[in-house]
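Listed below are the residues making up each chain.
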Amino acid sequence: MERPLTGNFRADREAVSLAEYERAGGYQGLRKALQMAPADVTETVKNSNLRGRGGAGFPTGMKWSFVPMGKDAPHPKYLVANADEMEPGTFKDRALMECDPHQLIEGMIVSAYAIAADIGYIFLRGEYVRSHERLARAIAEAQAGNYLGNNILGSGYSFTIHLHASAGRYICGEETALLNALEGKRAHPRTKPPFPQVSGLWGKPTIVQNVETLCNVHHIVNHGPAWFRKLSRTEDGGTKLYGVSGKVKRPGLWELPMGTPMREILEEHAGGMRDGLRFRGALPGGASTDFLVEQHLDTPMDFGHVQKAGSRLGTGTMVVLDDQTCPVGMVWNLEHFFAQESCGWCTPCWSGLAWTEKILFAMEQGKGSLHDLETLTFQTKFLAPGNTFCAFAPGAVEPLQSALKYFASDFRRHIDEHRCPWR
Amino acid sequence: MLSVEERKEIESKLADYPNSQAMSIEAMLIVQRHRGWVTDESLRDLSELLGLSVADLDGVATFYNLIRRKPVGRHVVHVCDSVSCWIMGVERVCSQLCTNLGIALGGTTADGRFTVLPIVCLGACDHAPAVMIDGKLHEDFNGQRIEEILAQYE
Ligand SMILES: Cc1cc2nc3c(=O)[nH]c(=O)nc-3n(C[C@H](O)[C@H](O)[C@H](O)COP(=O)(O)O)c2cc1C
Ligand code: SF4
Ligand code: FES
């Protein structure tokens, strides 16, 4: 099985150095791209069916095609790597940056070349100190090797990368809030349109792309779109980093063909549930995705199939709920996170989530009522898509709405027994 | 007054951004690395250096989780309280940690050695519970390892 993203990781998990990276064929994708016209790079990525790995799954090549090109295009144009990874349960981008930092840098340069960007930022969450050290070293190495800077490898194309450490807030991962954070402002999202591709950082055309997405780009250019599509078991191209956390035998992270079924990931790779525990459900792609349960275990983990099952692929890192963990408590923990991280811009979100958290907390204390259940259901509708300024709030109620559906009797027990049955 | 080093570090990063407003977050984090927190006095100094109002700077400072406007101990222990760590029993480990140190979550020990703060998912969910001390990640944190790990911090 081919593992373009992680195949080059060292066994000791130290960063791959520039020399090691080059020896393994590194920066060949960049050399090839620089021989191509930028529009052809975009076309290649379009044909590969690469979809964004940050959660929404937007087709990457199509996003690039909205960037104004040619000699009348505004400059500087920007390319931003979204390395904010703060979705609870998600630990994939950190591995990519720590173990193979040059892979992200090469992916960024090739992507930047396709949209004729002049300046790149890596928007890195502040807690990722080790990623910061290793990326800083790799950027310096790439500069010394003329993979970055002026007239890259004699091609006439110039591009630089700056590393920006965020001061932390989950909403900074939302791409327009991220732009405000980079500009040194409070990270409230922006109205769309205008879309960042046309008017982003300081009003200039900007592409924001997840770390894992970018890490794929030069491999696609190097080996071709047909190769990339064939890596997958379904129609979304490529491999995917899948993760599992919770009470399974071997929690971890694996690069597998896109579309690997949930059961295979849980049983073959994560080793199944710990002895004596039963699987009750999982958030398939981080905190802001709907629970899937036993009946969904054969779902191929790609964008289309997980959506059909009633959830989202999200970040592809699953959080598993077992039968000795309280589902109401778990949802309380999730809504506590969302209530705290709401950016406070629009009322349904900040107020509704604080209310939701309070009710769930009361339920855990044995103080919930039947009326509270109605209020929770109301909140899931009130915060549904279209009612709030950004996608944060709809994501926040996804685990709640599905828990109310699949774990209804557990909610009832908290109310009827005036206590949490798991405490 | 900003120290010479603080000023030097800030000035070396200015070229990364087209204006000083974009530098403000980085500048506050630099000050915090030197002093443990962002004091009122350093906000005024930064205001002068960057040409931004104190109110603007404070508005930004208070938005972000990692900028502290209150003093902390010599070492900051961040305990992940997000979902995977919660499932793996971080509540119990965290209260044991606080009991050992004789403080409540958010508090600082009387000798000024440790402050314990909650933090969101540290991206180490497959090795939960996760704790970060002064920027260093400690995975698979549990009751037995508390003393051994704390002993590494004077
Ligand atoms: C509340 C919220 C948080 C987000 N956090 C992240 C994040 O941490 N990392 C990320 O890559 N995308 C995140 N996204 C998605 C981004 O807005 C954007 O879609 C993505 O970075 C685009 O890159 P992609 O197409 O490569 O996935 C978040 C979205 C929302 C609404
Ligand atoms: S939905 Fe929430 S996070 Fe998004 S703008 Fe409104 S308050 Fe902010
Ligand atoms: S939930 Fe604690 S590290 Fe991810």
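Residues numbered from 1 in each chain as written. Chains lettered and ligands numbered in written order. Predicted model: local features only at pLDDT ≥ 70, side-chain atom pairs only at ≥ 80, totals over all residues. Heavy atoms only, no water.

What am I meant to see in the environment of A:His418 here?
Residues and elements named next belong to chain A. Tracing the backbone shows His418 in the segment after α17 (408-416). C-alpha of His418 to C-alpha of Ala384: the two residues are 34 residues apart in sequence and 30 Å apart in space. Once you skip the residues sitting within four places of it in the chain, His418 turns out to touch Gly366 and Arg413. (Helix = DSSP H or I, 4+ residues; strand = E, 2+ residues; numbered from the N terminus. Contact = heavy atoms within 4.5 Å.)

I would appreciate a short explanation of the packing of aromatic side chains in the present structure.
What describes a pair of aromatic rings is the distance from one ring centre to the other and the angle between the planes of the rings. Going through the model one piece at a time under the given rule, you end up with 19 aromatic pairs over all chains. The interplanar angle of 80° and the centroid separation of 5.2 Å between the aromatic rings of A:Tyr113 and A:Tyr157 together place this pair among those described as edge-to-face. Here A:Tyr113 is found in helix α6 (residues 101-115), whereas its partner A:Tyr157 is found in the loop between α7 (129-144) and β3 (160-165), with 44 residues between them in sequence. Note on A:Tyr113: relative accessible area 11%, which makes it buried. On the accessibility criterion, A:Tyr157 (12% relative accessible area) is buried. Centroid distance A:Trp332 to A:Phe361: 5.8 Å. Interplanar angle 50°. Geometry classified as tilted. Of this pair, A:Trp332 sits in helix α13 (residues 327-341) while A:Phe361 sits in helix α14 (residues 347-364); the two residues are 29 residues apart in sequence, bridging distant segments of the chain. On the accessibility criterion, A:Trp332 (12% relative accessible area) is buried. Three or more aromatic residues joined by ring pairs make a cluster, and in this case those are A:Tyr78, A:Tyr121, A:Trp202 and B:Tyr17. (Phe/Tyr/Trp six-rings, centres within 6.5 Å; stacked < 30°, edge-to-face > 60°. Buried < 20%, exposed > 50% of the residue type's maximum accessible area, 1.4 Å probe, protein only.)

Looking at this structure, I do not really get the site of ligand 1. What am I missing?
Residues and elements named next belong to chain A. Neighbouring residues of ligand 1: 18 residues in total, closest Gly54, Asn82, Glu175, Asn210 and Thr213. Take Asn210: an N or O atom from its side chain is 2.7 Å from an oxygen atom of ligand 1. Coverage of ligand 1 by the protein amounts to 88% of the 610 Å² it exposes when considered alone. The element that contributes the greatest number of residues to the shell around ligand 1 is strand β4 (residues 206-210), accounting for three residues. Classifying every residue of the shell around ligand 1 by side-chain character gives five nonpolar, seven polar and six charged. (Near = heavy atom within 4 Å. Polar contact = N/O pair within 3.5 Å; in protein donor to acceptor, adjacent residues only side chain to side chain. Areas by Shrake-Rupley, 256 points an atom, 1.4 Å probe, with all protein chains shown as cover. Nonpolar A, V, L, I, M, F, W, Y, C, P; charged D, E, K, R; others polar.)

Looking at this structure, how should I read the pairing of strand β2 (residues 119-124) of chain A?
A regular strand places its side chains on the two faces of the sheet in alternate fashion. Residues and elements named next belong to chain A. Among the six residues in β2, five count as buried, and that is most of the element. The sheet contact formed by strand β1 (residues 78-83) and β2 spans six bridges and is parallel. Across the sheet, Tyr78 pairs through a bridge with Ile119, a residue of β2. Two strands pair when backbone bridges link them, and β2 and β3 are joined in this way by six bridges, in the parallel orientation. Bridging from a neighbouring strand, Tyr121 pairs with His162 of β3. Viewed along the sheet, the connection from β2 through α7 into β3 turns out right-handed. (Pairing = 2+ DSSP bridges. Right-handed = clockwise from strand over helix to strand, strands pointing away.)

I tried to follow the domain arrangement of chain A on my own but got confused; where do I start?
For interface size, the figure often reported is the accessible area lost on association. Residues and elements named next belong to chain A. In terms of domain boundaries, chain A breaks down into domain 1 (18-230), domain 2 (244-322) and domain 3 (327-417). Inter-centroid distance (C-alpha atoms) of domain 1 to domain 2 is 28 Å. Facing the 15 residues of domain 1 at the interface are 15 residues of domain 2. Together, the buried faces of domain 1 and domain 2 total about 1,100 Å²; carbon and sulfur atoms form 64% of this surface. (Domains from an automatic or database assignment. Buried area = accessible area lost by both parts, 1.4 Å probe.)

Looking at this model, I keep getting lost on the confidence of the model for chain B. Mind explaining?
Predicted coordinates in areas of low pLDDT are best not read in detail. Residues and elements named next belong to chain B. Mean pLDDT over chain B stands at 96; residues scoring 70 or higher make up 100%. At the level of individual helices and strands, chain B shows its lowest average pLDDT in helix α7 (residues 146-150), which scores 92, and its highest in helix α5 (residues 83-87), which scores 98. Interface predicted TM-score (ipTM) for the complex: 0.97; the corresponding pTM is 0.97. (pLDDT = per-residue confidence, 0-100.)

I'm lost on the sheet that holds strand β4 (residues 136-138) of chain B in this one. Help?
The strands making up a sheet associate through hydrogen bonds between their backbones, and the pairing can be parallel or antiparallel. All names here are of chain B. Taking strand neighbours across the sheet as the criterion, the four strands line up as β2-β1-β3-β4 in an open arrangement whose pairing is mixed. Edge positions in the open sheet fall to β2 (114-119) and β4, since each of these has one partner strand only. Mean inter-strand twist for the sheet, computed between neighbouring axes without regard to direction, equals 25°. In this structure, strand β3 (residues 131-133) lies alongside β4, joined through three bridges in antiparallel fashion. Bridge pairing in β4 links Met132 to Leu137. (Axes fitted to C-alpha atoms, helices over the stretch in contact; angles between N-to-C directions.)

Is there a simple way to explain helix α15 (residues 370-382) of chain A in this structure?
Side chains that are three or four residues apart share a direction in an α-helix, a result of its 3.6 residues per turn. Residues and elements named next belong to chain A. With 13 residues, α15 extends 19 Å from end C-alpha to end C-alpha; this agrees with the ideal 18 Å at 1.5 Å per step. Where α15 is concerned, the buried positions are Asp372, Leu373, Thr375, Leu376, Gln379 and Thr380. Across the axial projection of α15, the buried residues extend over an arc of 160°, all falling on one side. Counted as exposed and oriented over 90 degrees from the buried face of α15: His371, Glu374 and Lys381. For α15, the secondary structure elements touched by its buried residues are α14, α16 (392-406) and α17. (Expected span 1.5 Å × (residues − 1). Arc of directions from axis to C-beta.)

I tried to follow the nonpolar core on my own but got confused; where do I start?
Most often, soluble globular proteins keep nonpolar side chains buried together rather than apart. Judged by nonpolar contacts, the single largest core of 109 residues is most densely connected at A:Met330, A:Phe411 and B:Tyr64. Sequence-distant contacts of B:Tyr64, defined by excluding residues within four places in its chain, comprise A:Ala167, A:Gly168, A:Arg169, A:Cys172, A:Ala181, A:Lys185, A:Arg186, A:Ala187 and B:Ile25. Judged by nonpolar contacts, the second largest core, of 60 residues, contains A:Tyr27, A:Ile115, A:Ile139 and A:Leu214. (Core = buried A, V, L, I, M, F, W, Y, C linked by side-chain atoms within 4.5 Å.)

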